[in-house]
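Listed below, chain by chain, are the residues.
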Amino acid sequence: MIFQNPYASLNPKMKILNLFRQSQKEDLFALGEKRLTQLKAEGRYSCYRNTKATLRKLSCFMQGKKLPLDDVTPDLIARFESYLALKEGNSRNTITENIKIISQLLTQHGVRDNPCAVHKVSREQTMRHYLMEEEIERLMALSLSPGSEAAVARDIFFVECRTGLRISDLLQLRWCDYDGKTIRIRMQKTQRLLSIPVGKRVREVLERYRNLFSKDAERVFPAWEMVAVGEKDEFAVSRRLIYATARVNHHIKRLAVRAGVDKPISTHVGRHTFATMLLSKGASIYEIKELLGHQDVKVTQVYAHLMDKRKRELVDMLE
């Protein structure tokens, strides 16, 4: 018996319509698995992790059922948003990221009238914390065992406060990137080349590690070696960065309590501190933009708002 294509007699327009109808019956989770495979092949661990987390939440929301594309409506997205807020306890920005990932899956599949585009979810401006000079000095005054994880974490944080470098770049900083006066790197996040002059105290901190790890190919800070990631795979570097960052964050949070620093603190607070200190010393937004390696000055502009708030606090102290 010869198989006959049921669509062979249809005109081209009808064929396209039937293909579109078939695509609308495809399962969103199946598309998600394809996307995960693609991200894994490209070695994009952060995107892979975020996409996988979003699909897990969506699966819980759907109670393990499949989700045909034609069932993904603005109403469903709105109910999923409420689920994320009430059941998962996610922040506004996390919810926005989850909806964005679903939207990307639909767009990449060529879905028309993307329901995520109709259902607008906006980010909220989060408070960017930074330390004052005296708070940094209290951290540096703590008595810590040289070479301990806590001491390494504090030193990394201090260098962040004085250079504005991201934790991902400092964890991978090698001696060949530092000539004793300047750090020259290609930033992992943006791949932009960055040249940062270092001051006397940063040089002193870096030189403390010179005798331990002094070869050009070796990393300056040993935090990288303090974590294990199991079997090697294409995500090894990204996974190690995430785990090492978590360890550094763990230590500086505990050190902040010991130093009497009553602020939410993380590695990125060091970068915020660098920018706000420069602003307080009279540096322009455009100068800070270049030092931070931002591509758009609008990203840097947030620090000007931080200083406006600080000026108000100072004036209010006189009342």
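Residues numbered from 1 in each chain as written. Predicted model: local features only at pLDDT ≥ 70, side-chain atom pairs only at ≥ 80, totals over all residues. Heavy atoms only, no water.

Visitor: I tried to follow the overall build of the protein on my own but got confused; where do I start?
Guide: The number of helices and strands found in the protein is 15 helices and 2 strands. Looking at the 319 residues of the protein, the share that counts as buried comes to 44%. For the protein, long-range pairs separated by at least 24 residues make up 62% of all intrachain contacts whose partners lie at least 6 apart in sequence. Carbon and sulfur atoms provide 53% of the accessible area of the protein, an area that totals close to 18,500 Å². (Helix = DSSP H or I, 4+ residues; strand = E, 2+ residues; numbered from the N terminus. Buried < 20%, exposed > 50% of the residue type's maximum accessible area, 1.4 Å probe, protein only. Contact = heavy atoms within 4.5 Å. Areas by Shrake-Rupley, 256 points an atom, 1.4 Å probe, with all protein chains shown as cover.)

Visitor: It is not clear to me how helix α12 (residues 267–280) should be interpreted in this structure. Could you clarify?
Guide: Given 3.6 residues to a turn, an α-helix orients residues that are three or four positions apart in the same direction. With 14 residues, α12 should cover 20 Å at 1.5 Å per step; its first-to-last C-alpha distance of 21 Å lies within 8% of that length. Within α12, 11 of the 14 residues are buried, leaving the element largely enclosed by the surrounding structure. Turning to α12, its buried residues number three or more, namely Thr 267, Val 269, Gly 270, Arg 271, His 272, Thr 273, Phe 274, Ala 275, Thr 276, Met 277 and Leu 279. Count one or two residues on from α12 and you reach Gly 282, which has phi positive near 105 degrees. (Expected span 1.5 Å × (residues − 1).)

Visitor: Sorry if this is basic, but what is going on with the pairing of strand β2 (residues 193–197) here?
Guide: In summary, the side chains of a regular strand alternate between the two faces of the sheet. Of the two faces of β2, only one is covered, namely that formed by Leu 194 and Ile 196; the face formed by Leu 193, Ser 195 and Pro 197 stays uncovered. By the bridge criterion, 5 bridges tie strand β1 (residues 182–186) to β2 in an arrangement that is antiparallel. Bridge pairing in β2 places Arg 186 opposite Leu 193. Joining the antiparallel neighbours β1 and β2 is a turn of 6 residues, in which Gln 191 adopts a positive phi near 65 degrees. (Pairing = 2+ DSSP bridges.)

Visitor: Sorry if this is basic, but what is going on with the environment of Val 299 here?
Guide: Checked against the element boundaries, Val 299 lands in helix α14 (residues 297–300). Relative accessible area serves as the criterion here: at 41%, Val 299 is assigned to the partly exposed category. For the pair formed by Val 299 and Ile 285, sequence separation is 14 residues and the distance between their alpha carbons is 9.9 Å.

Visitor: What is the right way to look at the nonpolar core in this model?
Guide: Taken as a class, soluble globular proteins show a tendency for nonpolar side chains to be buried jointly. Of all hydrophobic cores here, the largest spans 47 residues; its most connected members are Leu 139, Ile 156 and Phe 221. Where this core is concerned, the elements lending two or more residues are α7 (133–141), α8 (149–163), α9 (167–171), β1, β2, α10 (200–207), α11 (236–258) and α12. Here this core takes 9 residues from α8, the largest share from any one element. Those residues within four positions of Phe 221 in sequence are excluded, and the remaining contacts are Val 152, Asp 155, Ile 156, Val 159, Leu 170, Leu 206 and Tyr 209. (Core = buried A, V, L, I, M, F, W, Y, C linked by side-chain atoms within 4.5 Å.)

Visitor: How do you make sense of the packing of aromatic side chains when you look at a structure like this?
Guide: By convention here, two paired aromatic rings are described through the distance between centres and the angle between planes. One pass over the structure, following the stated rule, counts 5 aromatic pairs. Measuring from ring centre to ring centre gives 5.6 Å for Phe 61 and Tyr 83, while their planes differ by 55 degrees; the resulting arrangement is tilted. Highlighted residues: Phe 61 in helix α3 (residues 45–61) and Tyr 83 in helix α4 (residues 74–86), separated in sequence by 22 residues. According to the relative accessible area criterion, Phe 61 is buried, its value standing at 16%. Here the aromatic rings of Phe 80 and Tyr 83 are separated by 6.3 Å at their centres, their planes lie at 15 degrees, and the arrangement is stacked. Here the residue Phe 80 and the residue Tyr 83 both occupy positions in helix α4, the gap between them amounting to 3 residues, near one helical turn. (Phe/Tyr/Trp six-rings, centres within 6.5 Å; stacked < 30°, edge-to-face > 60°.)

Visitor: Can you help me understand the environment of Thr 94 in this one?
Guide: Looking at the secondary structure, you find Thr 94 in helix α5 (residues 92–108). Between the alpha carbons of Thr 94 and Thr 54 there is a distance of 9.7 Å; along the sequence they are 40 residues apart.

Visitor: Where do I start with the packing of helix α2 (residues 28–42) against α3 in this structure?
Guide: Between α2 and α3, the least distance of the axes is 9 Å, while the angle of their chain directions is 165 degrees. Classified by the angle between their axes, α2 and α3 sit roughly antiparallel to one another. Considering how the two elements wind past one another, α2 and α3 form a crossing that is left-handed. On α3, the residues touching Leu 28, Phe 29, Gly 32, Glu 33, Arg 35, Leu 36, Leu 39 and Lys 40 of α2 are Cys 47, Tyr 48, Thr 51, Lys 52, Leu 55, Leu 58 and Ser 59. Grouping the amino acids of the contact of α2 with α3 by side-chain chemistry returns 8 nonpolar, 3 polar and 4 charged. (Axes fitted to C-alpha atoms, helices over the stretch in contact; angles between N-to-C directions. Parallel < 35°, antiparallel > 145°, perpendicular 65-115°, else oblique. Left-handed = near helix turned anticlockwise from the far one by under 90°. Nonpolar A, V, L, I, M, F, W, Y, C, P; charged D, E, K, R; others polar.)

Visitor: So what exactly am I meant to see when it comes to α7 here?
Guide: Restricting attention to buried positions, one finds in α7 the residues Glu 135, Ile 136, Leu 139 and Met 140. Here the buried residues of α7 occupy an arc of 140 degrees about the axis, which is enough to place them on one side. Against α8, α10, α11 and α12 lie the buried residues of α7. (Arc of directions from axis to C-beta.)

Visitor: Hey, could you run me through the confidence of the model for the protein in this one?
Guide: For residues with low pLDDT, the predicted coordinates do not support detailed interpretation. Residues with a pLDDT of 70 or more make up 79% of the protein, whose mean pLDDT is 82. Low pLDDT (under 50) marks residues 15–23, which in the prediction has 9 contacts with non-local residues, meaning those over four places away or in another chain. (pLDDT = per-residue confidence, 0-100.)

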